[in-house]
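Residue-level structure breakdown
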Amino acid sequence: MTYTADEMMAVEASRRLTNDTVCFVGIGLPSLAANLARRTHAPGCVLVYESGTIGAKPTRLPLSIGDGELAETADAVVSVPEMFAYWLQSGRIGVGFLGAAQIDRHGNLNSTVVGDYATPKVRLPGGGGAPEIATSVREVFVMLRHSRRTFVERLDFATSRGDRVRYVVTDLGVLEPVDGELALTRVHAGATVEQVRAATGWDLAVAADVGETQPPTESELAAIRELRGDE
């Protein structure tokens with residue numbers, strides 16, 4: 001079966017979630033990855049959305065964190081302040097997904113501005129809950145498209161620390177921290193180490209035993225397309 005880069009990213013991220021994972025989920029690819037894990041190998045994975053829903057079990061991908069089905073299918077619904085102060089900051093969440101406009105070799109993220117802060121080229125949505133997620137969950141999974149524009153030598157603004165980044169899943173492969181610096185550990189089918197290094201704005205370290213990720217299975221793709229409501 002043919003598949004897209006986004007589907008490969010969602011599958012690779014979902015495979016790293018387990019039946020015991022408590023996962024802080026965002027909308028988009030993170031939500032697809034987390035719900036895919038629940039549909040396939042990790043039905044016990046607990047999905048927590050920023051809106052305050054704990055243990056949500058949507059039958060389709062939610063349109064936003066305020067989607068009514070999240071509350072309707074959740075084990076509990078709490079206020080946003082309680083979500084952050086009691087559930088997140090107290091260390092009750094195992095995995096948190098983040099995205100960004102820029103990432104550096106240490107996994108630090110920028111979702112605030114591109115260019116000078118006072119007169120930026122692009123003003124982005126900002127950190128929101130990302131800084132708290134980055135410092136409160138046990139492991140951070142980052143999902144990004146791989147390019148020199150995103151994987152930069154120096155951030156234009158540091159929004160979130162990369163201390164707890166465990167995996168960076170891109171459309172070309174997977175990066176993991178090695179001795180405090182991200183290193184390429186896996187490439188997707190069709191991608192090469194040279195291609196990934198060329199798409200990175202620093203001299204990317206490469207693991208000695210770089211492997212190739214397994215393409216999505218038919219059952220994983222079927223689950224993705226059912227979640228999206230594809231015809």
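Coordinates for the structure precede this section.
Residues numbered from 1 in each chain as written. Predicted model: local features only at pLDDT ≥ 70, side-chain atom pairs only at ≥ 80, totals over all residues. Heavy atoms only, no water.

1. A word on the packing of aromatic side chains
Working definition: an aromatic ring pair is given by the centre-to-centre distance plus the angle between the planes. Summed over all chains, the structure comprises six aromatic pairs. Ring plane angle 65 degrees and centroid distance 6.1 Å describe the contact between Phe-24 and Phe-84, whose orientation is recorded as edge-to-face. Of this pair, Phe-24 sits in strand 1 (residues 22-25) while Phe-84 sits in helix 4 (residues 80-88), and the two are 60 residues apart along the sequence. Phe-84 shares its class with Phe-24; the two are buried. Arranged with centres 5.1 Å apart and planes meeting at 80 degrees, the rings of Phe-141 and Tyr-167 form a pair that is edge-to-face. In this pair, Phe-141 is assigned in strand 10 (residues 139-143) and Tyr-167 in strand 11 (residues 165-169), connecting sequence segments 26 residues apart. For the residue pair Phe-141 and Tyr-167, the accessibility class agrees, reading buried in each case. One aromatic cluster is present, built from ring pairs that chain together Phe-97, Phe-141 and Tyr-167. Note that Arg-92 overlies the ring of Trp-87, its terminal NZ or CZ placed 5.7 Å from the centroid. The positively charged end of Arg-123 is found above the aromatic ring belonging to Tyr-117, 5.3 Å away from the centroid. (Phe/Tyr/Trp six-rings, centres within 6.5 Å; stacked < 30°, edge-to-face > 60°. Helix = DSSP H or I, 4+ residues; strand = E, 2+ residues; numbered from the N terminus. Buried < 20%, exposed > 50% of the residue type's maximum accessible area, 1.4 Å probe, protein only. Lys NZ or Arg CZ within 6 Å of the ring centre and 35° of its normal.)

2. Here we look at the pairing of strand 1
Where strand 1 lies against strand 2 (residues 46-49), four bridges are found, and the strand directions are parallel. Bridge pairing in strand 2 places Val-25 opposite Tyr-49. For the segment spanning strand 1, helix 2 (residues 29-39) and strand 2, crossover handedness is right-handed. (Pairing = 2+ DSSP bridges. Right-handed = clockwise from strand over helix to strand, strands pointing away.)

3. A look at the pairing of strand 13 (residues 181-187)
Among the seven residues in strand 13, five count as buried, and that is most of the element. Alignment of strand 12 (residues 173-178) against strand 13, held across six bridges, turns out to be antiparallel. Each residue of the ladder has a partner; that of Glu-176, found in strand 13, is Ala-183. The turn joining strand 12 and strand 13, which pair antiparallel and follow one another in sequence, is formed by two residues; a positive phi near 55 degrees is taken by Asp-179.

4. Structural notes on the environment of Val-169
Here Val-169 shows up in strand 11. Along the chain, Val-169 and Ile-103 lie 66 residues apart, while their C-alpha atoms are 12 Å from each other. Discounting residues that sit within four places of it in the chain, Val-169 has contacts with Met-9, Glu-12, Ala-13, Val-142, Met-143 and Leu-144. (Contact = heavy atoms within 4.5 Å.)

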